[in-house]
Amino acid sequence: MSDFNSQVQVDLRGNLTAASKNMARAVSGLASSASRSFGRLNKAAVGVSNGIDRMGNKYTGLATGFATGALARGVVNVDAQLKHIEVRMGQTAEEAAELKSKIYDVANNEAVRMDVSQLVAAMSEVLALTGDLEFASANIMNIGVAARSSGSAAGDIAKVVANLKKLDIDTPEQVAIALETLIAQGDAGAVEFKDLAAEFGGLASAMQALEQKGQGAVSFLGAFMQTTQDTTGNVAQTATAIDGFLNSLAKNGDMLAEGGIKVFDAEGNNRDLKLVLEDTIKGLNGIEDPLLRAQKQFEIFGETGSKALTKMQSDYAASGGLTMLDDLMKIQVGDGKMVQDAIDQTKTMAAAIDTLNASLSRMADNNLSEPIQELADAISGLSSEELENLFDIAATGV
């Protein structure tokens, strides 16, 4: 958590205005004492001071550990993140302003209440993995709600969202259903989804290689992760085991076919993995000699991939079906539970501080972003000689 977030406090002495104006007066005084060539710099510094005045007048009694310095730093950091996106994606000024407004709206939503910089970083993560600004922007709310609902880091959810695209989950509505499914499976399964989220991306790529798509593929993968986790008890080992199993299907289709297990349908397309898995478990359990069964399983899937089958083999031996996998894939979502859970999660002291942070961040942006930019433009407009003079004055006071 940033300095600003960790040190928000209520200060009835109202020292926000005083501390803030001290900083602004220092900048303004420095600029005005340099020379007339710094007139623009002085004017910009006054603009920052006036912005601080507006905040002080409206929110007297509210302060932070680093007062305006932290508020201004937050504005500058978010502005830098968004400017990078604007330049990289070729946005117009109007498009950039609209995106900023949308992010602040989400940050202040009752189901999110999250630091703005976390949302911007999460959206940047989706953009880095997909190159699709429209998709990234459209899923800011999904990222915030899912992160709050599941207790996950926004960055981890962002990676999941980006990798859902590999499974042809394209629209915000589809993404919301997929995220709700994965979270619900985590609540009912062996481990919460927040602990598995970081491993989802690599497995989604392996699923894509086997032409698995849509909500069915998401539901299967989430359930498969839970059943394997029940065996391994370790998130990294779960991902490694499933990856080994999926890669074995891709490499050893001929060996499976010899045992009557079809990876491809009559048209040469990959079959649904749930069906392939069922056939695999049935085929292996049909080998009566346990040594021969273990030998054949190791030959096809190796030691690593075989770990992904342990729980399902146990279920099949006990019930004749893939009980845990089936139960997890039958979970129904879409009733708004994820949003309601997210809202409930905001009703804590920590979330209340996040709510205050989000409000203060927007207030700071509204009052400081423009004058800070003008100050930056003024500094950028100085010549090298003028900048050297400015630094001399700052160092010597003369």
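Cut-offs and rules
Residues numbered from 1 in each chain as written. Predicted model: local features only at pLDDT ≥ 70, side-chain atom pairs only at ≥ 80, totals over all residues. Heavy atoms only, no water. Phe/Tyr/Trp six-rings, centres within 6.5 Å; stacked < 30°, edge-to-face > 60°. Helix = DSSP H or I, 4+ residues; strand = E, 2+ residues; numbered from the N terminus. Buried < 20%, exposed > 50% of the residue type's maximum accessible area, 1.4 Å probe, protein only. Lys NZ or Arg CZ within 6 Å of the ring centre and 35° of its normal. Salt bridge = Lys/Arg side-chain N within 4 Å of Asp/Glu carboxyl O. Expected span 1.5 Å × (residues − 1). 1 Å grid on protein atoms, 1.4 Å probe; cavity = no way out; pocket = protein on both sides within 12 Å on 5 of 7 lines; lining within 4 Å. Points joined across faces, edges and corners; volume = space filled by probe spheres on them.

Novice: Whenever I open this one, the packing of aromatic side chains confuses me. Can you help?
Specialist: Any pair of aromatic rings gets described here by the distance separating the centres and the angle formed by the planes. Going through the model one piece at a time under the given rule, you end up with four aromatic pairs. Pairing Phe224 with Phe245 gives two aromatic rings, centres 5.5 Å apart and planes at 90°, and the pair type is edge-to-face. Here Phe224, found in helix 13 (residues 214-232), pairs with Phe245, found in helix 14 (residues 235-251); they are 21 residues apart in sequence, far enough to count as distant. Just as Phe224 is buried, Phe245 falls in that class too. Residue placement shows Lys165 over the ring face of Phe135; its charged tip is 5.5 Å from the ring centre.

Novice: Is there a simple way to explain the pattern of salt bridges in this structure?
Specialist: When the charged atoms of two side chains lie near each other, side chains of opposite charge can form a pair. For the structure on display, the rule yields 10 salt bridges. A salt bridge links Lys274 to Glu278, with the nearest nitrogen and oxygen atoms 2.9 Å apart. With Lys274 and Glu278 both in helix 16 (residues 273-285) and four residues apart, the pair spans about one turn of that helix. On the basis of relative accessible area, Lys274 is assigned to the buried category, the value being 14%.

Novice: Please explain helix 10 (residues 172-188) as it appears in this structure.
Specialist: An α-helix turns once every 3.6 residues. As a result, residues three or four positions apart point the same way. The end-to-end C-alpha separation of helix 10 is 24 Å, in line with the 24 Å expected for 17 residues at 1.5 Å each. Of the positions making up helix 10, those classed as buried are Val175, Ala178, Leu179, Glu180, Thr181, Leu182, Ile183, Ala184, Gln185 and Gly186.

Novice: It is not clear to me how empty space enclosed by the protein should be interpreted in this structure. Could you clarify?
Specialist: The tally for this structure, following the rule as stated, stands at one cavity of 30 Å³ or more. Its boundaries defined by the atoms lining it, the largest cavity holds a volume of some 30 Å³. For the largest cavity, the full set of lining residues is Leu182, Gln185, Phe193, Leu196, Gly222, Met225 and Gln226. Secondary structure elements with two or more residues in the lining of the largest cavity: helix 10, helix 11 (193-196) and helix 13. Here the lining of the largest cavity takes three residues from helix 13, the largest share from any one element.

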